[in-house]
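What follows is the residue order along each chain.
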Amino acid sequence: MKIYRSIQDYNEEKRSVVTIGTFDGLHQGHQKIFSRLINTSKDKNLSSVVLTFFPHPRIILNKYNDIKMIDTLDEKIFHLDKIGIDSLIIHPFDKDFSLLTADQFIKDFLVEKIKIKHIIIGYDHRFGKGREASVTDLKNYSNDLDFTVEEIKAQEIEKITISSTKIRNSINEGDLITTEKYLGRYFKLTGKVVKGDGLGKKINYPTANLLIKEKYKIIPKDGVYFIKTKVDNKLYNGMMNIGHRPTIGSNDKSIEVHLFNFHQDIYDKQISVDIILKIRDEIKFSSIEALKEQLLKDAPDDENTKRMDRSYVNLIRMWGDV
């Protein structure tokens, strides 16, 4: 997959089939659109192009909007790369771009730069200055400018009972089972491992403190979660605590990862953690010893950590109220 950081940078000569959107989460609804995009590119011998924007337009158009994203930009690129599209254009969304008229956007960007031959777009998509134009306007331009419009009808959208808002709600509630169902994959946190206060190591539960630099990234509600991650191409299961560590009186929110049967130094490494499910809420214990006892109860034995697949998840769900 080729990545272009603006529409102006796009330089492919072949005509294209394009879809446009923010595609936060790249959930199963989005994946149906991408599947249609790829099939069309093969059938019509066109280059498949996804045009997305960063930052999210709502963040720019409403400076007080505190919307959180399901994926960071790097995570979005990672997931799109696996889908098999030819080109991804990540165009900077700013005030100047928001003031482009629909005529400018269609003629100067879609036709002149991206060379569209076919566009796949949702029935309610709006674009141009003040969201002035609709799919109908796009169709009005299509005959004169030699491209076709494939509209995703309302009934098709409504059949897909998935939305980025629903996914954000499930993450906020700590319901990672529902999140996985909507996404078609585990929800991911990606960050740099930084040094903490060393408490985990002292109680024989060494933790990797995960620093996520993207402030717009959504974080699940405070609690303890089962996770899995790859380090040097080897898969490890583990637990993760999100919260303020009330037992030791900490005021700072942290994300701490403990990997089972893991003894490497991974400070300063970038890791991605797949969150499987929530075990329990974060609890204030009477002592460090009481906390350690609870961690022993939380962690499954070695035999069960060999595979954290769907059958194992179901087993865990039977063990406790998760």
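Conventions and cut-offs
- Residues numbered from 1 in each chain as written.
- Predicted model: local features only at pLDDT ≥ 70, side-chain atom pairs only at ≥ 80, totals over all residues.
- Heavy atoms only, no water.
- Core = buried A, V, L, I, M, F, W, Y, C linked by side-chain atoms within 4.5 Å.
- Buried < 20%, exposed > 50% of the residue type's maximum accessible area, 1.4 Å probe, protein only.
- Helix = DSSP H or I, 4+ residues; strand = E, 2+ residues; numbered from the N terminus.
- Contact = heavy atoms within 4.5 Å.
- Axes fitted to C-alpha atoms, helices over the stretch in contact; angles between N-to-C directions.
- Parallel < 35°, antiparallel > 145°, perpendicular 65-115°, else oblique.
- Left-handed = near helix turned anticlockwise from the far one by under 90°.
- Pairing = 2+ DSSP bridges.
- Right-handed = clockwise from strand over helix to strand, strands pointing away.

1. A look at the nonpolar core
One finds Phe187, Leu189, Ile227, Met240 and Ile275 to be the most contacted residues of the largest nonpolar core, which totals 28 residues. Contributing elements (two or more residues each) for this core: α8 (164-172), α9 (176-183), β7 (187-194), β8 (208-211), β9 (223-231), β10 (234-243), β11 (254-259) and β12 (270-280). Residue contacts for Ile275: discarding those within four places in its chain leaves Leu176, Tyr186, Phe187, Leu189, Pro220, Tyr225, Phe226, Ile227 and Met240. Formed by 27 residues, the second largest nonpolar core is a distinct cluster that contains Phe97, Ile106, Ile114 and Val135.

2. So, the packing of helix α5 (residues 102-111) against helix α6 (residues 135-145)
Where α5 meets α6, the closest approach of the two axes is 11 Å, and the angle between their N-to-C directions is 45°. One way to sum up the angle between α5 and α6 is to call them oblique. Between α5 and α6 lies a crossing whose hand is right-handed. Where α5 approaches α6, its residues Asp103, Ile106, Lys107, Leu110 and Val111 are matched on the opposing element by Leu138, Tyr141 and Leu145.

3. Looking at unusual backbone geometry
For the bond from Phe54 to Pro55, the omega torsion is 0°, close enough to zero to count as cis. For Arg131, which is not a glycine, the phi torsion comes out positive at approximately 55°. For Asn261, which is not glycine, the phi dihedral falls at a positive 55°. With respect to the helices and strands, the residue Asn261 is situated in the loop between β11 and β12. Classification of Asn261 as exposed rests on a relative accessible area of 52%.

4. Some remarks on the pairing of strand β3 (residues 47-54)
In terms of burial, β3 is largely enclosed, as 7 of its 8 residues are buried. Note that strand β2 (residues 16-20) and β3 share 5 bridges and pair parallel. By the bridge assignment for β3, Val17 is matched with Ser48. Traced from β2 through helix α1 (residues 28-44) to β3, the parallel crossover comes out right-handed. Alignment of β3 against strand β4 (residues 87-92), held across 6 bridges, turns out to be parallel. Paired with Phe53 across the bridge in β4 is His91.

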